[in-house]
Amino acid sequence: MLCCCNKTEQANYTCPPTIFLQPLDNFTQQEAMQLQAVLEQRFRKIFNEGFEFEILPNKKLSVDLMNDSKSRYRADKIINSLKKEASNHRIIIGLTHKDVSVPYKGKPDWGVLGLSIHGTYACVVSDFRLKNKKRDYWKVVTHEFTHTACNYSHCPNDDPTCIMKDAKGKADFSNKVDFCKTCREKINI
Ligand SMILES: [Zn+2]
Ligand SMILES: [Zn+2]
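Predicted, not measured: the structure shown is a model, and the values here were computed from it. (Residues numbered from 1 in each chain as written. Chains lettered and ligands numbered in written order. Predicted model: local features only at pLDDT ≥ 70, side-chain atom pairs only at ≥ 80, totals over all residues. Heavy atoms only, no water.)

Q: Tell me about the coordination of the zinc ion (ligand 2), and please be specific about residues and values.
A: Protein ligation of the zinc ion (ligand 2) involves His143 (NE2), His147 (NE2) and His154 (NE2), the donor distances falling in the range 2.0 to 2.1 Å. On the primary sequence, the residues serving as donors to the zinc ion (ligand 2) are separated as H-x3-H-x6-H. Residue His143 is located in helix 3 (residues 133–150), and its partner His154 is located in the loop between helix 3 and helix 4 (181–187); the two are separated by 11 residues in the primary sequence. Judged by relative accessible area, which is 29%, His154 ranks as partly exposed. (Donors = N, O, S within 2.8 Å, 3.2 Å for Na, K, Ca; no water. Helix = DSSP H or I, 4+ residues; strand = E, 2+ residues; numbered from the N terminus. Buried < 20%, exposed > 50% of the residue type's maximum accessible area, 1.4 Å probe, protein only.)

This is the structure in C-alpha cells:
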C-alpha cells in the first residue's frame, strides 16, 4: 500500500494522498480529465489501490518561470511555484505541453520530460518531447509521481520495460508498461 504516514510524525491523516492534477497554460481541463481516467485505471493495477484525484483550475505560466534566454520553461521553477500548496497528503502534478528544462551536467538548459524535487511533493510533466504523446504521457506522469509520492529513486535493475527506469536523456517510453517485479515489491509495501 502506498502510504506516506511513515514520513511524518502525524499519523492521523487519511492515506493514500489525494492527487491534484494541475493543468498549466494551454493544457486543457478536458485533457486532464482524460489523463485522470487513464491514471485511475492504471494506478489501481500498479499500486494495488485506488486514489482520489482532483483537477485544479488552469494556471498560467508566468515569464519569470522561463530560462534566461526565454526559450523554455524551467521545470525546477515550475515545481517551486507549485510546492506551496503541496504536502505529503496532497501531491500536485503540473501538466504542460511546453518544453521544460533544468540546469544539468554543466548545461544551463537540459530539456526534460519531467522533474520531481525531493521533499516538495510537487512535480511537473511535459509531453513536448514525447513522440507518442497519447500512448506514453501517463507513463511519464507515473514515473514522476512515484519519485514524488513514494520517495522512490530509479529502477535498480535498469529494466527497459520498467516505468521507473532512468530515462538517461532518452524520451523512449515505448517498451515501458508497468513496474518491474522489484520496483513493484519495493513500492507496494
Ligand atoms: Zn524497476
Ligand atoms: Zn526519474
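Q: Describe the pairing of strand 1 (residues 18–23), listing the residues and the values that go with them.
A: Of all six residues in strand 1, six are buried; the element is thus mostly enclosed. On strand 1, burial covers both faces: Thr18, Phe20 and Gln22 on one face and Ile19, Leu21 and Pro23 on the other are all buried. For strand 1 and strand 2 (residues 53–55), the ladder comprises three bridges, and the chain directions are parallel. Looking at strand 2, one finds that Leu21 is bridged to Ile55. (Pairing = 2+ DSSP bridges.)

Q: Which residues make up the sheet that holds strand 3 (residues 73–74), and what are the values?
A: The mixed open sheet is built from three strands, whose spatial order is 3-5-6. At either margin of the open sheet sits one strand with a lone partner, and together these are strand 3 and strand 6 (107–112). Bridge count for strand 3 against strand 5 (residues 100–104) is two bridges, and the pairing is parallel. Paired with Tyr73 across the bridge in strand 5 is Val100. Set on the sheet, helix 2 (residues 75–82) makes contact with strand 3, strand 5 and strand 6; between it and strand 5 the angle comes to about 110 degrees. (Contact = heavy atoms within 4.5 Å. Axes fitted to C-alpha atoms, helices over the stretch in contact; angles between N-to-C directions.)

Q: I'd like a rundown of the packing of aromatic side chains, residues and numbers included.
A: Summed over the entire model, instances satisfying the criterion amount to 10 aromatic pairs. A centroid spacing of 6.0 Å and a plane angle of 45 degrees characterise the contact between Phe43 and Phe53, whose relative ring orientation is tilted. Taken together, the positions of Phe43 in helix 1 (residues 29–46) and Phe53 in strand 2 put the pair 10 residues apart, joining distant regions of the chain. Given the relative accessible area of 1%, Phe43 is considered buried. Taking 5.7 Å as the distance between ring centres and 80 degrees as the angle between the ring planes, the aromatic pair formed by Phe47 and Phe145 counts as edge-to-face. (Phe/Tyr/Trp six-rings, centres within 6.5 Å; stacked < 30°, edge-to-face > 60°.)

Q: Tell me about the side chain of Lys165, and name the residues and values.
A: Looking at the element boundaries, Lys165 is found in the loop between helix 3 and helix 4. A distance of 3.4 Å separates a polar atom in the side chain of Lys165 from a polar atom in the side chain of Asp158. Among all residues touching Lys165, those that are not within four sequence positions of it are His143, His154, Cys155, Asp158, Asp159, Pro160 and Lys176. (Polar contact = N/O pair within 3.5 Å; in protein donor to acceptor, adjacent residues only side chain to side chain.)

Q: Describe the environment of Ser101, listing the residues and the values that go with them.
A: Among the structural elements, Ser101 can be located in strand 5. Separated by 30 residues in sequence, Ser101 and Ser71 have C-alpha atoms that sit 9.8 Å apart. The residues contacting Ser101, other than those within four sequence positions of it, are Asn67, Arg72, Tyr73, Arg74, Ala75, Asp76, Asp109, Trp110, Gly111 and Val112.

Q: Which residues make up the coordination of the zinc ion (ligand 1), and what are the values?
A: Summarising the metal site, the zinc ion (ligand 1) is bound by the protein donors Cys155 (SG), Cys162 (SG), Cys180 (SG) and Cys183 (SG), whose distances to it range over 2.3 Å. Here the zinc ion (ligand 1) binds four donor atoms, and the angle range of 105 to 114 degrees at the metal identifies the geometry as tetrahedral. Classification of Cys155 as buried rests on a relative accessible area of 7%. (Tetrahedral: all angles 85-135°; square planar, octahedral: opposite > 155°, others 65-115°.)

Q: Residues and numbers for the sheet that holds strand 4 (residues 90–96), please.
A: Strand order in the open sheet formed by five strands is 2-1-4-8-7, with mixed pairing between adjacent strands. The open sheet terminates on both sides in strands that have one partner only, identified here as strand 2 and strand 7 (114–116). Adjacent strand axes in the sheet meet at a mean angle of 20 degrees, parallel and antiparallel pairs treated alike. Sheet analysis places strand 7 next to strand 8 (residues 122–126), joined by three bridges and oriented antiparallel. Counterpart to Leu115 in the pairing with strand 8 is Val124. Across the face of the sheet, helix 1 comes into contact with strand 1, strand 2 and strand 4 while running at roughly 170 degrees to strand 2. Strands in contact with helix 3 are strand 1, strand 4, strand 7 and strand 8; relative to strand 8, the strand with the most contacts, it is inclined by about 165 degrees.

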